[in-house]
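Examination of the molecular architecture
Single-letter residue listing:
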Amino acid sequence: MKPTLFVLAAGMGSRYGGLKQLDSLGPNGETIMDYSIYDAVKSGFGKIVFVIRKDFEQDFREKIISKYEGHVPVEVVFQSTDALPEGFTCPADRTKPWGTNHAVLMGKGVINEPFAVINADDFYGRDAFEVIAKELSRPRDRKGDYCMVGFRVGNTMSENGSVARGVCNTENGLLTTVTERTDIAYDDNHDITFHDEKGEVCKLDPKTPVSMNLWGFTPDYFEYSDREFVNFLKKDIDTPKAEFFIPIVIDTLINSGEATVKVLDTDSKWFGVTYAGDRPSVVAKFAELHKDGTYPEKLF
């Protein structure tokens with residue numbers, strides 16, 4: 001059974017400004033998502049599922065989904081703040097989405113095979129999709145047998161400001177913890193640094209694995225997510241900015257022994273438009289990738 005690609009496309013780019021999922025960055029108007037879909041199909045994924053907000057469905061279908069007709073099956077699901085389990089009501093002052101793992105839960109009704117989760121506005125590279133497609137295609141004999149692609153932090157930096165990354169600790173190739181670091185940046189010597197909980201400057205080896213939200217799951221992940229979302233809501237439903245992130249569930253399942261997460265290495269170089277200043281370099285990189293033959297003149 002071919003794995004499914006689940007694309008998280010419900011967010012707005014607050015730092016970048018505007019709906020960057022629909023921004024044309026390739027030489028023929030391609031979005032970052034177009035490259036992810038192309039690479040995923042080439043790597044063996046058999047279906048694409050997008051999670052979006054209902055209010056930009058028409059724009060999304062016209063600008064994005066129409067391109068893929070005839071190339072790969074596509075489904076769309078919707079994330080909204082009132083999509084809550086029975087017994088819970090969305091607080092009137094809640095405007096912020098419930099987070100990435102809530103977005104993942106929206107795919108429960110349409111995904112019945114192993115699946116990878118990606119951000120719509122990150123470029124992951126062909127090797128990353130090949131690595132995770134191979135891992136998701138192997139037989140499994142238990143629940144909670146998951147994976148993630150660990151990008152080398154040196155391949156994920158922006159020259160235009162700090163970035164947030166989930167810094168991974170591993171043991172025997174399995175994830176033990178993901179620690180969110182919000183201010184990873186180059187210092188004056190071009191070393192990669194961040195500030196720890198005490199405010200002290202720490203260096204990161206460029207090869208340190210970080211999470212770029214490229215996860216691999218089997219459908220049993222929805223069961224665990226349902227349970228943990230209820231636990232999250234019991235604690236944080238009235239906290240306006242609290243979000244139900246994927247690493248929250250992963251950390252819980254690792255600590256309980258219910259899941260293992262294999263960390264897959266890739267030499268792919270991430271890039272994206274975290275800041276408006278990133279855009280020119282991303283446009284130039286895509287132009288070069290077409291010029292050197294990595295991508296054809298037209299993706300679809």
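Per an unreviewed UniProt entry, the recorded name for the chain is Nucleotidyltransferase, and the organism is Heminiphilus faecis.

Focus: the confidence of the model for the chain
Of all residues in the chain, 96% have pLDDT values of 70 or greater, and the mean over the chain is 92. Predicted confidence is poor over residues 12-17, with pLDDT under 50, and the contacts of this stretch with residues over four places away or in other chains come to 14 contacts.

Structural notes on the nonpolar core
It is characteristic of soluble globular proteins that their nonpolar side chains tend to be buried jointly. Judged by nonpolar contacts, the single largest core of 42 residues is most densely connected at L5 and F50. Broken down by element, this core gets its largest block of residues, five residues, from helix α4 (residues 126-136). Once residues within four sequence positions are removed from consideration, L5 is found in contact with S36, I37, A40, F45, K47, I48, V49, A116, I118 and F129. One finds M106, Y221, I246 and A259 within the second-largest nonpolar core, a separate group that totals 39 residues.

Looking at the environment of L25
Relative to the assigned elements, L25 resides in the loop between β1 (4-8) and α1 (32-43). Judged by its relative accessible area of 2%, L25 is buried. Those residues in contact with L25, other than ones at most four positions away along the chain, are E30, I32, V273, R279, V282, V283 and F286.

Some points on the pairing of strand β2 (residues 47-52)
The buried count for β2 comes to six of six residues, which makes it a mostly enclosed element. Across the two faces of β2 the burial is the same, with K47, V49 and V51 and I48, F50 and I52 all buried. As judged from the five bridges shared by β1 and β2, these two strands associate in the parallel manner. The residue of β2 that forms the bridge with F6 is V49.

Quick word on the side chain of E135
By the element assignment, E135 lies in helix α4. The buried category is assigned to E135, whose relative accessible area is 6%. Within the structure, E135 has its side chain in polar contact with the side chain of R138 (distance 2.8 Å). Contact partners of E135, with chain neighbours within four places excluded, come to R140, C147, K262 and L264.

Overview of unusual backbone geometry
Unusually for a residue other than glycine, N172 sits at a positive phi of about 55 degrees. Considering the arrangement of structural elements, one finds N172 in the loop between β7 (163-171) and β8 (174-186). Its identity is not glycine, yet N213 carries a phi of approximately 65 degrees, on the positive side. Using a relative accessible area of 11% as the deciding quantity, one classes N213 as buried.

Description of helix α5 (residues 220-236)
Across its 17 residues, α5 extends 24 Å between first and last C-alpha, which sits within 8% of the 24 Å expected from 1.5 Å per residue. Turning to α5, its buried residues are D220, Y221, F222, Y224, S225, E228, F229, F232, L233 and D236. Contact partners of the buried residues in α5: α3 (100-105), β4 (115-119), β6 (145-152), β11 (209-217) and α6 (246-256).

Some points on the packing of α5 against α6
It is the contact of α5 with α6, at a shortest axis distance of 10 Å, that shows an interaxial angle of 100 degrees. Taken together, α5 and α6 sit at an angle that is classed as roughly perpendicular. Counting all contacts with α5, which are made through Y221, Y224, S225, R227 and E228, the residues of α6 involved are I246, V249, I250, T252 and L253. Considered class by class, the residues forming the contact of α5 with α6 number six nonpolar, two polar and two charged.

Re the pattern of salt bridges
For the structure on display, the rule yields 23 salt bridges. A salt bridge links K108 to D226; the nearest nitrogen and oxygen atoms lie 2.9 Å apart. Linking K108 in the loop between α3 and β4 with D226 in helix α5, this pair joins segments that are 118 residues apart in sequence. Where E197 meets R181, a salt bridge forms, and the shortest distance between an N and an O atom there is 3.1 Å. Of this pair, E197 sits in the loop between β9 (192-195) and β10 (201-204) while R181 sits in strand β8, and the two are 16 residues apart along the sequence. Under the relative-accessibility criterion, E197 is labelled exposed at 64%. Among the charged side chains, a salt-bridge network with shared partners connects E135, R138, R140, R142, D145 and K262.

Conventions and cut-offs
Once a new chain begins, its residue numbering starts again from 1 and follows that chain's sequence as written. Whole-chain, interface and lining totals are the exception, using all residues; otherwise, since this is a predicted model, local features are given only for residues with pLDDT of at least 70 and side-chain atom pairs are given and counted only at 80 or more. Hydrogens and water are ignored here; the side-chain numbers use all heavy atoms of the structure. The pLDDT value expresses, per residue, how confident the predictor is, ranging between 0 and 100. In this description, contact between two residues means that some pair of their heavy atoms is separated by no more than 4.5 Å. We define a nonpolar core as any set of buried Ala, Val, Leu, Ile, Met, Phe, Trp, Tyr and Cys residues linked to one another through side-chain atoms lying within 4.5 Å. In this scheme, a residue with accessible area under 20% of its type's maximum is buried, one over 50% is exposed, and one in between is partly exposed, where area comes from a 1.4 Å probe on protein chains only. Helix numbers and strand numbers start at the N terminus; a helix is a DSSP run of H or I with at least 4 residues, a strand a run of E with at least 2. Two strands qualify as a pair provided DSSP detects at least 2 bridges between them. Polar contact is the term for a pair of N or O atoms within 3.5 Å; when the atoms are in protein, one must be able to donate a hydrogen and the other to accept it, and sequence-neighboring residues count only if both atoms are side-chain atoms. Helix span is expected to be 1.5 Å times the residue number reduced by one. Axis definition: a line fitted to C-alpha atoms, limited for helices to the stretch in contact. Angles are taken between N-to-C directions and run from 0 to 180 degrees. Orientation is classified from the angle alone, with under 35 degrees giving roughly parallel, over 145 giving roughly antiparallel, 65 to 115 giving roughly perpendicular, and any other angle giving oblique. Side-chain classes follow a simple rule in which Ala, Val, Leu, Ile, Met, Phe, Trp, Tyr, Cys and Pro form the nonpolar group, Asp, Glu, Lys and Arg form the charged group, and the remainder, Gly included, forms the polar group. A side-chain nitrogen of Lys or Arg and a carboxyl oxygen of Asp or Glu constitute a salt bridge if their distance falls within 4 Å.

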